[in-house]
Amino acid sequence: MSQIAATASAAAPAGAATAKTPNPLARALRPLAVDIAGPLAGFSLLHSGLGLGEFAALAWSSLLPVARTVVGLVGERRLNRFAALMVGVNLTGLALTAVSGDARLMIAKDSVLSGFMALAILGSALTARPLMSAALRPFLTRGDAAREAAWDRLAEGSRAFRRHERRFSAIWGTALLAECVARVAGAFTLPVATMAWLSTVLLVAGIAAGSVLGQAAAQPMEKLVRAEAA
């Protein structure tokens, strides 16, 4: 966020420096856009827009997350978690493309992909860097530099904050895993015509459940961030 200069003579230099400073909100959202939305949009464009087969579309849309994962490991000595997650999802999809011909198996295959993401999120809840924290951070810090700094301090030194972080990812992972189990069960027990529309309803319900139930962890985190920023 840009700041008002203390004096008129300092206004121009301050404005120039601020213009070069990345917006915290944009910086926080960039990994989500590049590592998750980018591959998903690429797959949709290649498969639905350009008519590529599912296998080819998955393979080509994997190039960016693969490259970002390798660059993170080799160049920055760290794992790009979102890029690695998308690589795992795409590899799972590639492995399941052999499932064809049976409409029930096709519905179940889509559920397995969301289940993979759910397990990855649940697993991250046991680590020091839960996956869903990066998705939540922009909404709690709102691009405010003081809140961004407060988040960093809390993530480093507050046990309560880290506990809520893990809980938030655990809630989302559980909601998505429950959705996956429900869709797989429905794929093999309900008529295909019913699951054709119910599958989407269950996915939306899983996301809605994660959003609503996740407030139990997100709201205490927001209070901590607000108090720390103050």
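Residues numbered from 1 in each chain as written. Predicted model: local features only at pLDDT ≥ 70, side-chain atom pairs only at ≥ 80, totals over all residues. Heavy atoms only, no water.

(A) View of the nonpolar core. In terms of nonpolar packing, the biggest core is built from 24 residues, with Met132, Leu136, Trp151, Phe161, Phe168, Met221 and Val225 touching the most fellow members. Those elements giving two or more residues to this core turn out to be α5 (81-96), α6 (103-124), α7 (131-141), α8 (145-157), α9 (159-189) and α11 (215-229). Among the elements that make up this core, the one with the highest residue count is α7 (five residues). The contacts of Met221, once residues within four sequence positions are left out, are Leu136, Leu140, Trp151, Phe161, His164 and Glu165. Core analysis: the second largest hydrophobic core is formed by five residues, Ile107, Ala108, Ala187 and Met195 among them. (Core = buried A, V, L, I, M, F, W, Y, C linked by side-chain atoms within 4.5 Å. Buried < 20%, exposed > 50% of the residue type's maximum accessible area, 1.4 Å probe, protein only. Helix = DSSP H or I, 4+ residues; strand = E, 2+ residues; numbered from the N terminus. Contact = heavy atoms within 4.5 Å.)

(B) Examining the pattern of salt bridges more closely. Across all of its chains, the model carries five salt bridges by this definition. Notably, a salt bridge pairs Asp152 with Arg137, separated by 2.9 Å at the nearest N-O pair. Here Arg137 lies in helix α7 and Asp152 lies in helix α8, a separation of 15 residues in the sequence. On the basis of relative accessible area, Asp152 is assigned to the partly exposed category, the value being 42%. Since its relative accessible area comes to 19%, Arg137 is described here as buried. Its salt-bridge partner being Arg142, residue Glu222 comes within 2.5 Å of it at the nearest N-O pair. Of this pair, Glu222 sits in helix α11 while Arg142 sits in the loop between α7 and α8, placing them 80 residues apart in sequence. Using a relative accessible area of 19% as the deciding quantity, one classes Glu222 as buried. (Salt bridge = Lys/Arg side-chain N within 4 Å of Asp/Glu carboxyl O.)

(C) The packing of α6 against α9, seen in detail. Where α6 meets α9, the closest approach of the two axes is 8 Å, and the angle between their N-to-C directions is 165°. In this view, α6 runs roughly antiparallel relative to α9, as classed from their interaxial angle. The handedness of the crossing between α6 and α9 is left-handed. (Axes fitted to C-alpha atoms, helices over the stretch in contact; angles between N-to-C directions. Parallel < 35°, antiparallel > 145°, perpendicular 65-115°, else oblique. Left-handed = near helix turned anticlockwise from the far one by under 90°.)

(D) Representation of the environment of Val34 within the structure. Mapped onto the elements of the fold, Val34 is located in helix α2 (residues 24-49). In this structure Val34 comes out as partly exposed when scored by relative accessible area, which is 27%. For Val34 and Arg68, which are 34 residues apart along the polypeptide, the C-alpha to C-alpha distance reads 9.5 Å.

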